[in-house]
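Each chain is listed here by its residues.
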2 protein chains.
Amino acid sequence: MYGNAIAVTGGLLNNIHAKTTHGLMRGSERFNLVGVVDEKFAGADAGVIVNGTPNGIPVYGSIREFKEKSNEPAMYCILGVATKGGVIPDSLREIIREGISEGFNIVNGLHHFVSDIPELNTLASMMKVELLDIRKPRPKSEWQFWSGKIREVTTPRVAVLGTDCAVGKRTTAWLLAEDLRSRGKKAEMIYTGQTGWMMGARYGFIFDATINDFISGEIEHAIHTCFVEANPDVMLIEGQSSLRNPSGPCGAEFLISGEARYTILQHHAGREKFNGFPQIENSIPDLKDEIELIRIYGSETIAVALNTSGISIEEAGEWQRRYEDELGIPVILPMVEGVNRLTDVLIKIIG
Amino acid sequence: MYGNAIAVTGGLLNNIHAKTTHGLMRGSERFNLVGVVDEKFAGADAGVIVNGTPNGIPVYGSIREFKEKSNEPAMYCILGVATKGGVIPDSLREIIREGISEGFNIVNGLHHFVSDIPELNTLASMMKVELLDIRKPRPKSEWQFWSGKIREVTTPRVAVLGTDCAVGKRTTAWLLAEDLRSRGKKAEMIYTGQTGWMMGARYGFIFDATINDFISGEIEHAIHTCFVEANPDVMLIEGQSSLRNPSGPCGAEFLISGEARYTILQHHAGREKFNGFPQIENSIPDLKDEIELIRIYGSETIAVALNTSGISIEEAGEWQRRYEDELGIPVILPMVEGVNRLTDVLIKIIG
């Protein structure tokens, strides 16, 4: 545990671009979120803004306001929102400056690094705070090539892939790991994004910040290290993007290089177009077809998890029945019924 | 054209690890190869060493020997061999030092950069020569995200994918582009590796040196720029690795993000195991199955090109007939019969 943290969301707390913050709100073993800073929603409960259910995390109008009003001191200020191209716009620079000046360590998951901005770097040295640019690559000498050592790992691996990005893959993986633990199984989530790291997953790497030649070696190394150090009953590999998302097809690495013999496929019920690309017609593939693609990559799809945000419980149930009839595998609604039924499926596999 | 160049191969001239040098020997529009430096093969003709056919490029025992004996002055010294992990071992450092001292600009396609070695950097400044670390990423501000602008490109795109790495994808693409030009068609190869760049391809990027999040945007941008600036009749996209190579599955990006609706599949006749991984049983997939995978990604496999190195012409012909019967598409042997028959197929598509 690093400690208490606040997340800044720049007017986007209720937007999918704040999914890092949403992940932290669901609980983190690395940071304890004690406040959100978002001028637009100041005074509200963050849970109410995000999904209608209070969670006791207040929203403040500024970092200064947090310091004045909160009785829970925090040491970390997390940039809790994605920006276009991962750049740090002027507005965000101003907030970071305020955070450093108020004595916070800055946690940044964007492609552009706070430590590359000389003025902020100097200010951080003066204030004796840390700039944690979590996408900063490790030294080249530590980069891993795929070696085949994955073949030594006997732990079953389950990839949580999606039919699109921002569809709930990490959330399903995380809930499932927690539920497995509550039922006496040792489960580890292999993180592949910055939010997974922020939430406290111990093994993994940041997929989209890695030099492509080392992706397969990094996934192999994360799985192998987890096996050697933690030796869990099962590993859940957080997927990224989707196998056929044109803005970044991804997934074969987990199935082929990470040898995940099982897949849980996350899908947003009713979503037809890839997130962010409304101009591309008929874009999200049919589930049946996606499951066939996953099969060709050597992995069996053991269940579908449906994201049901934006639709009624009745509609969600209809999608669930329709897909179960069509696919003949369990289809679960994590946000409606929890992941318990999925845990049952996994426990059978673990044995 | 940058100018005359020598390639150093450190005892590996006849090895697949020197494939950068082999590519340059086949002709480059960027560098004119006037000599190879390889102590082990000093005095020989480089063509004889590589494929038994003289090409008039002499092999020298050292850079100094090249300078003393050659009457073709060269300005560029290309590190023409891959090393484990892309590192620069001490032996290579010594050769680079000699190259710089003799006044050569250094061209380096390895993951580790010559300019990161302070001693060599200082020496290069003193000698006023350039260190071209061609895998060095461009400034972050120039990195491209996928935007969908690929939809504006009307030029047909043909991906040259392989069933393995080091199987001849780039060579087939390059020969095909040359043959198309000789028959009056404007063809461009989109390079995705450092050798393609060294050979003179004008549009592309170095796939495996790119931060993963930008791969799809870079391929889109290269194709779009080629369309806007050169407007060829066809683009041939150089593939990397293979769709199911565990050490780095790759290819979906070209089909999905680059929207290559056609694929030429390169295969080493008779090769069963992935290059470098003899311990992994049954590893290279069946061609029929690979073509089905390519189809799921939205691309039609229009021909197979066979690498026939290491087998007799008779055997090559047998493989060719066997695959043509099985697959029902043209199967060509570029190194035996040239690519003319493949050019015919493409000219039909271009119209």
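I will try to describe carefully the structure that is included in this document. Since the model is a prediction, treat every value here as computed from it, not as a measurement.

Section: the overall build of chain A
(1) Moving on: A count of helices and strands for chain A gives 13 helices and 13 strands.
(2) Moving on: Its C-alpha atoms give chain A a radius of gyration of 20 Å, within 12% of the compact-globule value 20 Å for 351 residues.
(3) Moving on: In terms of its C-alpha atoms, chain A occupies a principal-axis envelope of roughly 55 × 50 × 45 Å.
(4) Moving on: Looking at chain A as a whole, 60% of its 351 residues qualify as buried.
(5) Moving on: Looking at chain A alone, contacts between residues at least 24 apart form 72% of all its contacts between residues at least 6 apart.
(6) Moving on: Accessible surface, chain A as shown: approximately 14000 Å² in total, 50% of it carbon and sulfur.

Here's the deal with the pattern of salt bridges
Residue and element names in this part refer to chain B.
(1) Moving on: Considering all chains together, one arrives at 42 salt bridges over all chains under this definition.
(2) Moving on: Taking the shortest distance from any N to any O, the salt bridge between glutamate 142 and arginine 138 comes out at 3.7 Å.
(3) Moving on: Residue class for arginine 138 comes out partly exposed when judged on its relative accessible area of 35%.
(4) Moving on: Of the charged contacts in the structure, one is a salt bridge between glutamate 259 and arginine 261, with a shortest N-O distance of 3.8 Å.
(5) Moving on: Residue glutamate 259 is classed as buried on the basis of its relative accessible area, which comes to 10%.

Side note on the side chain of A:Gln144
Residues and elements named next belong to chain A.
(1) Moving on: On the secondary structure map, glutamine 144 appears in the loop between strand S6 (131-133) and strand S7 (157-162).
(2) Moving on: Side-chain polar atoms of glutamine 144 contact the backbone oxygen of glutamate 142, separated by 3.2 Å.
(3) Moving on: When sequence neighbours within four positions are dropped, the list of residues in contact with glutamine 144 reads Lys149, Phe214, Gly217, Glu218 and His221.

Re a nonpolar patch on the surface
All names here are of chain A.
(1) Moving on: Taken together, the side chains of Ile313, Met335 and Val336 present a nonpolar region at the surface, about 310 Å² in accessible area.
(2) Moving on: In this fold, valine 336 is placed in helix H12 (residues 334-337).
(3) Moving on: Note on valine 336: relative accessible area 40%, which makes it partly exposed.

Examining the relation of the copies chain A and chain B
The pair of chain copies shares a relation made of a rotation about an axis and a shift along it.
(1) Moving on: Between chain A and chain B, the superposition needs a rotation of 180° and an axial shift of 0.0 Å, giving an RMSD of 0.1 Å. The symmetry that links the two subunits is that of a two-fold axis. The rotation axis passes nearest to the C-alpha of A:Ile211 in chain A, at a distance of 2.2 Å.
(2) Moving on: Residue by residue, 100% of the interface of chain A is reproduced at the interface of chain B, so both copies engage with the same surface.

Digging into the nonpolar core
(1) Moving on: One finds A:Ile190, A:Tyr297, B:Ile190 and B:Tyr297 to be the most contacted residues of the largest nonpolar core, which totals 92 residues.
(2) Moving on: If near-sequence neighbours (up to four positions away) are discounted, A:Tyr297 is found in contact with A:Leu243, A:Ala252, A:Leu255, A:Ile256, B:Leu243, B:Arg244, B:Leu293 and B:Tyr297.

Here's the deal with the sheet that holds strand S1 (residues 3-8) of chain B
Residue and element names in this part refer to chain B.
(1) Moving on: Ordered by their spatial adjacency, six strands build an open sheet running S3-S2-S1-S4-S5-S6, and the pairing between neighbours is parallel. The open sheet has two edge strands, strand S3 (59-60) and strand S6 (131-133), and neither has a second partner.
(2) Moving on: By the bridge criterion, four bridges tie S1 to strand S4 (residues 76-79) in an arrangement that is parallel. Counted as the bridge partner of valine 8 is leucine 79 from S4.
(3) Moving on: Sitting on the sheet, helix H4 (residues 90-101) is in contact with S1, S4, strand S5 (105-108) and S6, with an inclination near 145° to S5.

Digging into helix H6 (residues 169-182) of chain B
All names here are of chain B.
(1) Moving on: The end-to-end C-alpha distance of H6 is 20 Å, a good match for the 20 Å that 14 residues give at a rise of 1.5 Å each.
(2) Moving on: Burial runs high along H6: ten of the 14 residues are buried.
(3) Moving on: Phi turns positive one or two residues past the end of H6, at glycine 184, with a value near 85°.

A closer look at unusual backbone geometry
Residue and element names in this part refer to chain A.
(1) Moving on: Positive phi outside glycine occurs at lysine 128, with the angle close to 55°.
(2) Moving on: Among the structural elements, lysine 128 can be located in the loop between helix H5 (118-127) and S6.
(3) Moving on: Residue lysine 128 is classed as exposed on the basis of its relative accessible area, which comes to 73%.
(4) Moving on: Unusually for a residue other than glycine, glutamate 259 sits at a positive phi of about 45°.
(5) Moving on: On the secondary structure map, glutamate 259 appears in the loop between helix H9 (252-257) and strand S11 (262-268).

Some points on the environment of B:Arg295
All names here are of chain B.
(1) Moving on: Assignment of secondary structure puts arginine 295 in helix H10 (residues 287-296).
(2) Moving on: The spacing of arginine 295 and glutamate 229 is 66 residues in sequence and 30 Å in space, taken between C-alpha atoms.
(3) Moving on: In terms of polar contacts, arginine 295 uses its side chain to reach the side chain of glutamate 292, at 2.8 Å.

Considerations on the interface of chain A and chain B
(1) Moving on: Taken together, the 43 residues of chain A in the interface contact 43 residues of chain B.
(2) Moving on: For the pair chain A and chain B, the summed buried surface comes to about 3400 Å²; carbon and sulfur atoms form 59% of the total.
(3) Moving on: Inspection of the chain A/chain B interface yields two salt bridges.
(4) Moving on: Measuring nitrogen to oxygen at the nearest pair gives 4.0 Å for the salt bridge that ties A:Asp116 to B:Lys140.
(5) Moving on: There are 15 residue pairs in polar contact (both at pLDDT 80 or more) connecting chain A and chain B.

Considering empty space enclosed by the protein
(1) Moving on: Applying the stated criterion to the full structure yields two cavities of 30 Å³ or more.
(2) Moving on: Contributions of two or more residues to the lining of the largest cavity are made by H9 of chain A together with helix H9 (252-257) of chain B.
(3) Moving on: Of the residues that constitute the lining of the largest cavity, the class distribution is ten nonpolar, two polar and two charged.
(4) Moving on: Estimated volume of the second largest cavity: approximately 50 Å³.
(5) Moving on: Forming the walls of the second largest cavity are A:Phe207, A:Gly248, A:Pro249, A:Glu253, B:Asn212, B:Ile215, B:Ser216 and B:Glu253.
(6) Moving on: A class-by-class count of the residues in the lining of the second largest cavity yields three nonpolar, three polar and two charged.

Notes on the pairing of strand S1 (residues 3-8) of chain A
(1) Moving on: Most of S1(A) is tucked away, with five of its six residues classed as buried.
(2) Moving on: In terms of handedness, the path from S1(A) via helix H1 (residues 19-25) of chain A over to strand S2 (residues 31-37) of chain A forms a crossover that is right-handed.

Focus on the pairing of S1(B)
(1) Moving on: Relative to strand S2 (residues 31-37) of chain B, S1(B) runs parallel, the two being bridged by six bridges. Residue pairing in the sheet places B:Ala5 in a bridge with B:Leu33 of S2(B).

The rules behind these values
Residues numbered from 1 in each chain as written. Chains lettered and ligands numbered in written order. Predicted model: local features only at pLDDT ≥ 70, side-chain atom pairs only at ≥ 80, totals over all residues. Heavy atoms only, no water. Helix = DSSP H or I, 4+ residues; strand = E, 2+ residues; numbered from the N terminus. Rg over C-alpha atoms; globule rule 2.2 N^0.38 Å. Buried < 20%, exposed > 50% of the residue type's maximum accessible area, 1.4 Å probe, protein only. Contact = heavy atoms within 4.5 Å. Areas by Shrake-Rupley, 256 points an atom, 1.4 Å probe, with all protein chains shown as cover. Salt bridge = Lys/Arg side-chain N within 4 Å of Asp/Glu carboxyl O. Polar contact = N/O pair within 3.5 Å; in protein donor to acceptor, adjacent residues only side chain to side chain. Patch = residues over 30% accessible without salt bridge, like charges linked within 9 Å, V, L, I, M, F, W, Y side chains within 5 Å. Least-squares fit on C-alpha atoms with pLDDT ≥ 70 in both. Core = buried A, V, L, I, M, F, W, Y, C linked by side-chain atoms within 4.5 Å. Pairing = 2+ DSSP bridges. Axes fitted to C-alpha atoms, helices over the stretch in contact; angles between N-to-C directions. Expected span 1.5 Å × (residues − 1). Buried area = accessible area lost by both parts, 1.4 Å probe. 1 Å grid on protein atoms, 1.4 Å probe; cavity = no way out; pocket = protein on both sides within 12 Å on 5 of 7 lines; lining within 4 Å. Points joined across faces, edges and corners; volume = space filled by probe spheres on them. Nonpolar A, V, L, I, M, F, W, Y, C, P; charged D, E, K, R; others polar. Right-handed = clockwise from strand over helix to strand, strands pointing away.

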